[in-house]
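# Structure at a glance
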Amino acid sequence: MTPITYELIKTCKQTGARLGKVHTPHGSFDTPMFMPVGTLATVKTMSPEELKEMEARIILSNTYHLWLRPGEDIIKEAGGLHRFMNWDRPILTDSGGFQVFSLSKIREIQEEGVHFRNHISGEKLFLSPEKAMQIQNALGSDIMMAFDECPPYPASFDYMKSSVERTSRWAERCLEAHQNPTTQGLFGIIQGGEYEELRKQSAKDLASLDLPGYAIGGLSVGEPKDIMNRMLEYTTPLMPSTKPRYLMGVGSPDSLIDGSIRGIDMFDCVLPTRIARNGTCMTSTGRLVVRNAKYARDFSPIDENCDCHVCKNYTRAYIRHLIKSKETFGFRLTTYHNLHFLLKLMEQVRTAISEDRLGDFKEAFFEQYGLNQP
Ligand SMILES: CNc1nc2cc3c(=O)[nH]c(N)nc3c(CCN)c2[nH]1
Ligand SMILES: [Zn+2]
């Protein structure tokens, strides 16, 4: 019995998008869904109450970071990550693979696992499929990601082939090492870079493990947009249609819409929270860099089409002042608005799917957002 199940509600007649529900031990969420990223057991500057207010349904956290600080033993002692951070809705934890490869310069990948240096203290560390599962089991996340290698872009076919084969073997070891299969779901991560043949092999290897969900990895790592779209187009149909499909690290408004059209159900990205902290906001008419001098006397909301409490109560001039003054409250306001914007966008995507008009919605949104149609 798997603790994570997917309910397909309907497929959009105009596109390949699908409306669904994912059920987890900590509640269900509608899909397509955006997942705010809370790497260090907090979605930076947001409280759980505010996340609920904006209707965040599931958040991400991270094996690598929480292992390093504060340590999974402390979180386990606290009763698990949900209790530790006072979040009683679903949590997905990434496995640490991507973080090791993106944070640690010195590393050595072996069949056993990855040797690398702690990016904070410099001490030597070793992460393996078994260790990644032991940490995630201790954290008690509802969805755990398999320990994988996300090769850099570009990578040769030969390197990618051996990496995909090793990531498939690592996924088997993750399944083997999984201690709580009735309460935590393990998702496989399809790799293969820009090579259709390897994407197909990776999808086939992982599908044979009959996992409760699958992710597309190895994208949004600096590859050209057309390669990302080509891989998305090719890989999504290879994924079991009865399981959730998660596109890792993708979060710009246009990519969320295009990914949904291609049949993706779950997305995560640090973009909305990261750009918020340098004073950039997502609005219905494109990005707005609220720290620009031109907003010094602009007493209108960040986005007059937005119904969030930030846009109802604060002005661009005030928020600009706070950001320029490095006032934490300024970052909280831009973060709240950006997350609300993406969560609201996904709600509009779900409504458009239910009314079989996601293609029309895309056209109207791209037009208003200032994205020239491809
Ligand atoms: C920002 N772009 C991006 N690409 C990713 C690929 C993987 C990937 O291939 N594997 C894993 N485990 N994580 C990834 C992540 C982190 C997702 N929170 C990615 N982020
Ligand atoms: Zn707003």
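## Some thoughts on the overall build of the chain
In terms of regular secondary structure, the chain is built from 15 helices and 16 strands. Expected size for 374 residues packed as a compact globule is a radius of gyration near 21 Å; at 20 Å, the chain falls within 12% of this value. If you line up the chain on its principal axes, its C-alpha atoms span 60 × 50 × 40 Å. Looking at the chain as a whole, 56% of its 374 residues qualify as buried. The contacts of the chain with a sequence gap of at least 6 include a subset with a gap of at least 24, amounting to 66%. When the accessible area of the chain is evaluated, it comes to approximately 15500 Å², of which 51% is carbon and sulfur surface.

## Some remarks on the nonpolar core
One finds Leu 51, Leu 92, Met 145, Tyr 246 and Leu 358 to be the most contacted residues of the largest nonpolar core, which totals 107 residues. Leu 358 has contacts with Cys 12, Gln 14, Thr 15, Ala 17, Ser 260, Ile 261, Val 349, Ala 352 and Ile 353, leaving out every residue within four places of it along the chain.

## Looking at the confidence of the model for the chain
In the predicted model, the chain carries a mean pLDDT of 96, and the fraction of residues at 70 or more is 99%. Predicted complex, confidence summary: ipTM 0.99, pTM 0.98.

## Concerning the coordination of the zinc ion (ligand 2)
Distances from the zinc ion (ligand 2) to its protein donors, Cys 306 (SG), Cys 308 (SG), Cys 311 (SG) and His 337 (ND1), fall at 2.1 to 2.3 Å. Of note is the zinc ion (ligand 2), whose four donor atoms meet at the metal with angles of 101 to 120° in an arrangement that counts as tetrahedral. Each donor residue of the zinc ion (ligand 2) belongs to the same chain, with the gaps between them written as C-x1-C-x2-C-x25-H. For Cys 306, a relative accessible area of 14% translates into the label buried.

## Looking at the site of ligand 1
In the vicinity of ligand 1 there are 16 residues, among which Asp 94, Asp 148, Gly 218, Leu 219 and Ser 220 approach most closely. Within the backbone of Gly 249, a nitrogen or oxygen atom sits 3.5 Å from a nitrogen atom of ligand 1. Contact distances for ligand 1 include 2.9 Å between a nitrogen atom and a side-chain N or O atom of Asp 268. Out of a free accessible area of 440 Å², ligand 1 has 89% covered by protein chains. Here ligand 1 is seated within the largest pocket.

## What about the sheet that holds strand 11 (residues 185–190)?
On the basis of which strands lie adjacent, the open sheet formed by eight strands has the order 4-14-13-12-11-10-6-5 and parallel pairing. With partners counted over all chains shown, the strands left at the sheet margins are strand 4 (33–35) and strand 5 (59–62), one partner each. Sheet twist, expressed as the average angle between the axes of neighbouring strands with direction ignored, equals 25°.

## Some details on the environment of Leu 81
Position of Leu 81 among the secondary structure elements: in helix 4 (residues 81–85). Once the C-alpha coordinates of Leu 81 and Gly 140 are considered, the two residues, 59 residues apart in sequence, prove to be 6.2 Å apart. If we ignore the near neighbours within four places in the chain, the residues touching Leu 81 are Ala 41, Ser 61, Leu 66, Ile 75, Ile 91, Thr 93 and Leu 139.

Rules of the game
- Residues numbered from 1 in each chain as written.
- Chains lettered and ligands numbered in written order.
- Predicted model: local features only at pLDDT ≥ 70, side-chain atom pairs only at ≥ 80, totals over all residues.
- Heavy atoms only, no water.
- Helix = DSSP H or I, 4+ residues; strand = E, 2+ residues; numbered from the N terminus.
- Rg over C-alpha atoms; globule rule 2.2 N^0.38 Å.
- Buried < 20%, exposed > 50% of the residue type's maximum accessible area, 1.4 Å probe, protein only.
- Contact = heavy atoms within 4.5 Å.
- Areas by Shrake-Rupley, 256 points an atom, 1.4 Å probe, with all protein chains shown as cover.
- Core = buried A, V, L, I, M, F, W, Y, C linked by side-chain atoms within 4.5 Å.
- pLDDT = per-residue confidence, 0-100.
- Donors = N, O, S within 2.8 Å, 3.2 Å for Na, K, Ca; no water.
- Tetrahedral: all angles 85-135°; square planar, octahedral: opposite > 155°, others 65-115°.
- Near = heavy atom within 4 Å.
- Polar contact = N/O pair within 3.5 Å; in protein donor to acceptor, adjacent residues only side chain to side chain.
- 1 Å grid on protein atoms, 1.4 Å probe; cavity = no way out; pocket = protein on both sides within 12 Å on 5 of 7 lines; lining within 4 Å.
- Sits in = over half its atoms within 2 Å of the grid points.
- Pairing = 2+ DSSP bridges.
- Axes fitted to C-alpha atoms, helices over the stretch in contact; angles between N-to-C directions.

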